[in-house]
Amino acid sequence: MTLKQWSDNGWLRPHKTSPEEIDNLLSMVHRDLADAGKESISADWRFGIAYNAALKLCTILLYVSGYRAERTLQHYRTIQAMPLILGVVRKEDAKYLDSCRIKRNVVEYDYVGGATEDDANELIEFAEDLREDVLIWLKNNHPQLLSNYSES
């Protein structure tokens, strides 16, 4: 399927982004990855914060592509859009992030201790790598949206 087909199905709606919005989202990613790296925070919270960073990166991809997910299954659709935007090579990454979405829901709403230190560290590393790939994709395809962004 394509993003257009998803939109026709009512899963996405049009969205016009701006350099300011992308800068704000990238700043949130930077903050979240810095916070997730603090070992004084529980593994559950570190995992949840790293998940939020990865989700924001997927949100950037979707916004820049001219869409935003509808409320129903919003996180799921935002994640599943990644291989539609970056290519099928990212299909396994979307599966991984979806499993993280499920685990994040457990540690957020159901019980303590659902994420290990290894889980948190793995997701932090994944999100850091994804950030680099999203920045390269933006620079190559939409450099005008990075006009406000500084990698501080």
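Now for a description of the structure that goes with this document.

What counts and how
- Residues numbered from 1 in each chain as written.
- Predicted model: local features only at pLDDT ≥ 70, side-chain atom pairs only at ≥ 80, totals over all residues.
- Heavy atoms only, no water.
- Salt bridge = Lys/Arg side-chain N within 4 Å of Asp/Glu carboxyl O.
- Axes fitted to C-alpha atoms, helices over the stretch in contact; angles between N-to-C directions.
- Helix = DSSP H or I, 4+ residues; strand = E, 2+ residues; numbered from the N terminus.
- Parallel < 35°, antiparallel > 145°, perpendicular 65-115°, else oblique.
- Left-handed = near helix turned anticlockwise from the far one by under 90°.
- Contact = heavy atoms within 4.5 Å.
- Nonpolar A, V, L, I, M, F, W, Y, C, P; charged D, E, K, R; others polar.
- Core = buried A, V, L, I, M, F, W, Y, C linked by side-chain atoms within 4.5 Å.
- Buried < 20%, exposed > 50% of the residue type's maximum accessible area, 1.4 Å probe, protein only.
- Polar contact = N/O pair within 3.5 Å; in protein donor to acceptor, adjacent residues only side chain to side chain.
- Disulfide = S-S within 2.5 Å.

Some words on the pattern of salt bridges
Any two side chains of opposite charge can pair, so long as their charged atoms come close to each other. Summed over the entire model, instances satisfying the criterion amount to 11 salt bridges. Residue D35 pairs with K38 through a salt bridge whose shortest N-O separation is 3.2 Å. Several salt bridges share partner residues, and in doing so they unite R90, D93 and D133 into one network.

As for the packing of helix α2 (residues 19-36) against helix α3 (residues 43-64)
α3 packs onto α2 with a crossing angle of 160° between their chain directions and a minimal axis gap of 8 Å. On the basis of their axis angle, the class for α2 and α3 is roughly antiparallel. The element α2 and its partner α3 pack so that their crossing is left-handed. For the pair α2 and α3, contact is made by E21, I22, L25, L26, M28, V29, D32, L33, D35 and A36 and by R46, I49, A50, N52, A53, K56, L57, T59, I60, Y63 and V64, respectively. Taken together, the residues that form the contact of α2 with α3 break down as 14 nonpolar, two polar and five charged.

Examining the packing of α3 against helix α6 (residues 91-109)
The N-to-C vectors of α3 and α6 enclose an angle of 135°; their axes lie 10 Å apart at closest approach. As far as their axial angle goes, α6 and α3 are oblique. Handedness of the α3/α6 crossing: left-handed. Residues D44, W45, F47, G48, Y51, N52, A54 and C58 of α3 lie in contact with α6, whose contacting residues are L97, C100, R101, K103, R104, V107 and E108. Classifying every residue of the contact of α3 with α6 by side-chain character gives eight nonpolar, two polar and five charged.

Some words on the nonpolar core
In this structure, L26, I60, L62, L97, L123, L130 and L138 are the most contacted members of the largest nonpolar core, which totals 47 residues. At the level of secondary structure, the elements contributing two or more residues to this core comprise α1 (3-8), α2, α3, β2 (67-69), α5 (82-86), α6 and α7 (117-141). Ranked by residue count, the leading element in this core is α3, at 14 residues. Beyond its immediate chain neighbours, meaning those up to four positions away, L97 contacts Y51, A54, C58, I79, M82, L123, F126 and L130.

Topic: the side chain of D119
Mapping D119 onto the fold places it in helix α7. Side chain to side chain, D119 and K103 meet in a polar contact 2.9 Å long. Among all residues touching D119, those that are not within four sequence positions of it are F47, K103 and G114.

Here we look at the state of the cysteines
Considering all chains together, one arrives at zero disulfides under this definition. Not engaged in a disulfide, the cysteine C100 finds its nearest cysteine sulfur in C58; these two sulfurs lie 11 Å apart.

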